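# Tertiary structure, described
The lines below spell out each chain.
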Amino acid sequence: MIEMESKVKVVNNIEIPALGLGTFKLLGDLCVEAIKDALDIGYRHIDTAQFYGNEEEVGTGIKKSTVSRNDIWLTTKVWHDSLSAADLTKTFEDSLKKLKTDYVDLLLIHWPSTTGVPLEESLEAMTKLKEAGKAANIGVSNFPPAMFEQAMELANIVCNQVEYHPFLSQDTLLKMAVESNMFFTAYSPIGQGEVFKNDLLVNIAEKYNKNAAQVALRWLLQQGNVLAIPRSSKHENRKSNFDVFDFELNEEEMAQIFKISSVTQKRMVNPDFAPAW
Ligand SMILES: NC(=O)c1ccc[n+]([C@@H]2O[C@H](COP(=O)([O-])OP(=O)(O)OC[C@H]3O[C@@H](n4cnc5c(N)ncnc54)[C@H](OP(=O)(O)O)[C@@H]3O)[C@@H](O)[C@H]2O)c1
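Per chain, the residues get numbers from 1 upward, laid out in the order the sequence is written. In keeping with the predicted nature of the model, local features appear solely for residues at pLDDT of at least 70, side-chain atom pairs appear and are counted solely at 80 or more, and the whole-chain, interface and lining totals rest on all residues.

As a further point, take the sheet that holds strand S7 (residues 138-141). We treat two strands as partners when DSSP finds at least two bridges between them. Strands here mean DSSP runs of E at least two residues long; helices mean DSSP runs of H or I at least four residues long; both are numbered from the N terminus. The parallel open sheet is built from eight strands, whose spatial order is S3-S4-S5-S6-S7-S8-S9-S10. Looking at which strands have only one partner, the edges of the open sheet turn out to be strand S3 (21-22) and strand S10 (226-228). The sheet contact formed by strand S9 (residues 183-187) and S10 spans three bridges and is parallel. Note on S10: the bridge partner recorded for Phe184 is Val226. Note on contacts: residues are paired as contacts if their backbone-placed C-beta atoms lie within 7 Å. The convention used is that axes are lines fitted to C-alpha atoms, helices contributing only their stretch in contact, and that angles between N-to-C directions extend from 0 to 180 degrees. In the packing of helix H3 (residues 85-99) onto the sheet, contacts are made with strand S5 (73-78) and strand S6 (106-109), and the angle to S5 comes to roughly 145°.

Here's what the structure looks like:
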């Protein structure tokens, strides 16, 4: 079996729970309950963002849980209009208050700046927050190869979080992450539910008595450095998405799933402020 069977991946001496809960669109009491429930199920990694408007609820869910804050990997992201040093620092302090914690495990730039703030300025501000112990690690999200390279040169970042699932190949970025000892976090890992419509994934799932989402998640987690953060508003789906540590895809199945994207190459998240991929 591969090294991630402990449910934790280790890259560059940093340990991150391989499977986290995504929280985009989880709001209000539903979000509080989702966090508490996920922690009961065994999730130890929560992904939120200023933009999701739910940091308050994520913080409440963590407080309500019996799992200690120190046992949870908590990621938040600063929005692309708040990347000047002053805005980044201020909005991040607000995030900490909402999250009811004095640090996050990972602070990400959610999307590259759309207002011309130099990357150096944002990363310097984040490095200061890291030095102050308020962000244990820093990283980027939605950074295409040249920007990712630039970020790696400018600061001690630990990851790039990007859309990644069987319908979208991320060969170049993933290779860069692995070669540079970075984590690679797959968002929309079950293609926002599209995996259930794919015959290959459904057929492989039947063989293991699993479902297509579990196969997609397993395919991601069997790749070195890759983490996955599926989102669900429902207990049953959160539970089944976490139930991926007791089976293993063989090499042929891994290769077959890799081939899906050569036909589809489908990006689900592509807002008008996205960088040129
Ligand atoms: N950095 C970025 O720019 C960025 C962008 C997008 C997402 N993200 C992060 O990544 C997380 C995940 O991505 P995502 O929310 O776009 O999509 P996703 O996790 O691929 O898919 C979520 C959708 O799949 C459904 N689902 C989940 N598990 C299921 C199951 N076992 N059976 C059937 N349906 C299931 C959910 O519905 P139900 O609620 O009904 O289960 C929901 O509609 C986000 O929540 C967010 O934290 C980051």
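Past the structure itself, the notes keep going.
Moving on to the environment of Val67. By the secondary structure assignment, Val67 is in the loop between helix H2 (55-64) and S5. Apart from the residues lying within four places of it in its own chain, the contact partners of Val67 are Leu39 and Ile72.

Moving on, we get to the site of the ligand. We call a residue near a molecule or strand when the C-beta position, derived from backbone atoms, sits within 6 Å of it. Close contacts around the ligand come from 26 residues, with Gly22, Phe24, Tyr187, Arg231 and Ser232 the closest. Ranked by residues supplied to the shell around the ligand, first place goes to helix H9 (residues 235-242) with three residues. Considering only residue class, the shell around the ligand consists of eight nonpolar, 15 polar and three charged. The nonpolar class holds Ala, Val, Leu, Ile, Met, Phe, Trp, Tyr, Cys and Pro. Asp, Glu, Lys and Arg form the charged class, and all remaining residues, Gly among them, are polar.

Right, let's get into the pairing of S9. To sort residues by burial, count the other C-beta atoms lying within 10 Å of each one's C-beta; a count of 20 or more means buried, 12 or fewer means exposed, and anything in between means partly exposed. C-beta atoms are built from the backbone. The buried count for S9 comes to five of five residues, which makes it a mostly enclosed element. The side-chain alternation of S9 yields two buried faces, one formed by Phe183, Thr185 and Tyr187 and the other by Phe184 and Ala186. Relative to S9, strand S8 (residues 159-163) runs parallel, the two being bridged by five bridges. Residue pairing across strands places Asn160 opposite Phe184, the latter belonging to S9. What joins S8 to S9 is helix H6 (residues 171-179), and the crossover it makes is right-handed. Orienting the strands away from the viewer, one traces the path from the first strand over the helix to the second; a clockwise path indicates a right-handed crossover.

Put simply, a nonpolar core is buried Ala, Val, Leu, Ile, Met, Phe, Trp, Tyr and Cys residues tied into one set by C-beta atoms within 7 Å. Counting 74 residues, the largest nonpolar core has Ile35, Leu107, Ala216, Leu217, Leu220 and Ala228 as its most contacted members. With eight residues, helix H8 (residues 212-221) is the largest single contributor of residues to this core.

Taken across its five residues, S8 has five buried, putting it largely inside the fold. Pairing geometry for S7 and S8, over two bridges, is parallel. The partner of Val140 across the bridge, within S8, is Asn160.

Let us look at the confidence of the model for the protein chain. pLDDT measures the predictor's confidence residue by residue and takes values from 0 up to 100. Confidence in the prediction of the protein chain, expressed as mean pLDDT, is 96, and 98% of residues score 70 or more. Within the protein chain, helix H10 (residues 251-264) has the poorest average pLDDT of any element, 95, and S6 the best, 99.

Time to look at the packing of H3 against helix H4 (residues 119-131). Look at H3 against H4: their axes get within 8 Å of each other, and the N-to-C directions meet at 40°. Overall, the two elements H3 and H4 adopt an arrangement that is oblique. In terms of crossing hand, the pair formed by H3 and H4 is right-handed. For the pair H3 and H4, contact is made by Ala85, Leu88, Thr89 and Phe92 and by Glu121, Ser122, Glu124, Ala125, Met126 and Leu129, respectively. Working definition: roughly parallel below 35 degrees, roughly antiparallel above 145 degrees, roughly perpendicular at 65 to 115 degrees, and oblique for all remaining angles. By definition, any crossing whose near helix is turned counterclockwise from its far helix by less than a right angle is left-handed, and any crossing with a clockwise turn is right-handed.

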